[in-house]
Amino acid sequence: MIIPFQTLACPLDGAALQRHGNIWKCAAGHCFDVAGQGYVNLLPVQNKRSRDPGDSKEMVAARRRFLDSGAYDLIAQAVSRHALLDLPSDASVSCLDAGCGEGHYLRNLALGAAAGMKLSLVGLDISKWAVQSAAKRDKQTTWLVGSNANLPIQSGTVDRLLCMFGFPVYPEFARVLRPGGQLLQVDAGSLHLRELREIIYPSIKPERPGGNTDPAAFERVASESLSYTLALTDTAQIADLLAMTPHLYRASAEGLARAKALTKLDVTVDVRLTRYVRV
């Protein structure tokens, strides 16, 4: 069962927001409308680094098509399993996806929950196109345009926080999580999409050694590596995968041309899932 997420915070002064019809309002009178598509923009203009930050409309559409194909379902299932682990079947749980994209992982989390569980879900992304796409497909989850650098969430009110291939801002994550709440972080492994990278780049840089130190205020409680081969069977699917990655902007014109010429490709999916508890 999905229930409304109530503990939003004003992005201007941090005060609690209260909903009045289609408006969220804080005690100081700052107001934020619920858009016709069902989301709320809580990214102040002065906090934008560009006119249209985050993924473009085309990138969001490519990601939606690619994820709808089931290509990353094993990742979504692993995240849901870790997020719901050891929770009673009648638990009430709040979960934030910080960098939610078009909402794929929150939708899968809802599907994996026990029938008697109450989930209060909120997805946030800096891309308005991503949030619009998510809101069109799911009217029960709270969808926000916002930044991980200044989460518009009241402190200590979140039980689970997802960070999927994103930009972790650990002080903010620690602030919004309750003590004992958990952060589920998924990052690309050294072999992730290696075959595609070998085609579009002249050479592949060696992976930088990762630190073993846990972020401040967090303790690592579990980790899991997930690796499998994904068969891309047509040019469109390869193009969608490329369009949803940073490689689209990092590769040279020659490298992109080589990728666009492919009609099929087997790529390695290699990710690391780390579960932290807020201490």
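Here the structure is a predicted model, which is why all the values come from computation and not from measurement.

Caption draft 1: Here's a closer look at the packing of helix α1 (residues 57–68) against helix α7 (residues 235–243). Packing of α1 against α7 brings their axes to within 8 Å, and their N-to-C directions diverge by 125 degrees. On the basis of their axis angle, the class for α1 and α7 is oblique. The crossing of α1 and α7 is left-handed. Listed contacts from α7 to M59, A62, R65 and F66 of α1 are Q237, D240, L241 and A243. Here the contact of α1 with α7 is built from residues that sort into 5 nonpolar, 1 polar and 2 charged.

Caption draft 2: Spatial organisation of the nonpolar core. Among the nonpolar cores identified, the biggest contains 54 residues, and F66, Y72, I75 and L241 are the most heavily contacted of them. Broken down by element, the residue count for this core peaks at 6 residues, all from helix α2 (residues 73–84). If we ignore the near neighbours within four places in the chain, the residues touching L241 are F66, Y72, L193, L196, L232 and V267. One finds L42, A98, C163 and L183 within the second-largest nonpolar core, a separate group that totals 27 residues.

Caption draft 3: Structural detail: the sheet that holds strand β2 (residues 18–20). Taken in spatial order, the 3 strands line up as β2-β3-β4 in an open sheet, and their pairing is antiparallel. Since the sheet does not close on itself, it has two edges, and those belong to β2 and β4 (31–33), each with one partner. Here the strands of the sheet are splayed against their neighbours by 30 degrees on average, with no regard to which way each runs. As judged from the 3 bridges shared by strand β3 (residues 23–25) and β4, these two strands associate in the antiparallel manner. Residue pairing in the sheet places K25 in a bridge with C31 of β4.

Caption draft 4: Representation of the pattern of salt bridges within the structure. The full count for this structure, using the stated rule, is 10 salt bridges. The shortest N-O distance in the salt bridge between R63 and D55 comes to 2.6 Å. Residue classification places R63 among the buried positions, given a relative accessible area of 16%. Note that R175 is salt-bridged to E172, the shortest N-O span being 2.9 Å. Taken together, the positions of R175 and E172, both in helix α5 (residues 170–176) and 3 residues apart, correspond to about one turn of that helix. Owing to a relative accessible area of 27%, R175 belongs among the partly exposed residues under this scheme. Taken together, the shared-partner salt bridges in this structure form one network comprising D68, E102, R107 and R137.

Caption draft 5: Broad picture of the packing of aromatic side chains. For the structure shown, the criterion picks out 5 aromatic pairs. Note on F66 and Y72: the rings are 5.3 Å apart at their centroids and 90 degrees apart in plane angle, and the pair reads as edge-to-face. Residues Y170 and F218 carry aromatic rings whose centres are separated by 6.2 Å and whose planes lie at 65 degrees to one another, so their mutual orientation is edge-to-face. Taken as a pair, Y170 in helix α5 and F218 in strand β11 (residues 218–232) lie far apart in primary sequence, 48 residues in all. Y170 gets classed as partly exposed once you look at its relative accessible area, which sits at 22%. On the accessibility criterion, F218 (5% relative accessible area) is buried. Linked through ring pairs, Y170, F173, F218 and Y276 together constitute an aromatic cluster.

Rules used throughout
Residues numbered from 1 in each chain as written. Predicted model: local features only at pLDDT ≥ 70, side-chain atom pairs only at ≥ 80, totals over all residues. Heavy atoms only, no water. Axes fitted to C-alpha atoms, helices over the stretch in contact; angles between N-to-C directions. Helix = DSSP H or I, 4+ residues; strand = E, 2+ residues; numbered from the N terminus. Parallel < 35°, antiparallel > 145°, perpendicular 65-115°, else oblique. Left-handed = near helix turned anticlockwise from the far one by under 90°. Contact = heavy atoms within 4.5 Å. Nonpolar A, V, L, I, M, F, W, Y, C, P; charged D, E, K, R; others polar. Core = buried A, V, L, I, M, F, W, Y, C linked by side-chain atoms within 4.5 Å. Buried < 20%, exposed > 50% of the residue type's maximum accessible area, 1.4 Å probe, protein only. Pairing = 2+ DSSP bridges. Salt bridge = Lys/Arg side-chain N within 4 Å of Asp/Glu carboxyl O. Phe/Tyr/Trp six-rings, centres within 6.5 Å; stacked < 30°, edge-to-face > 60°.

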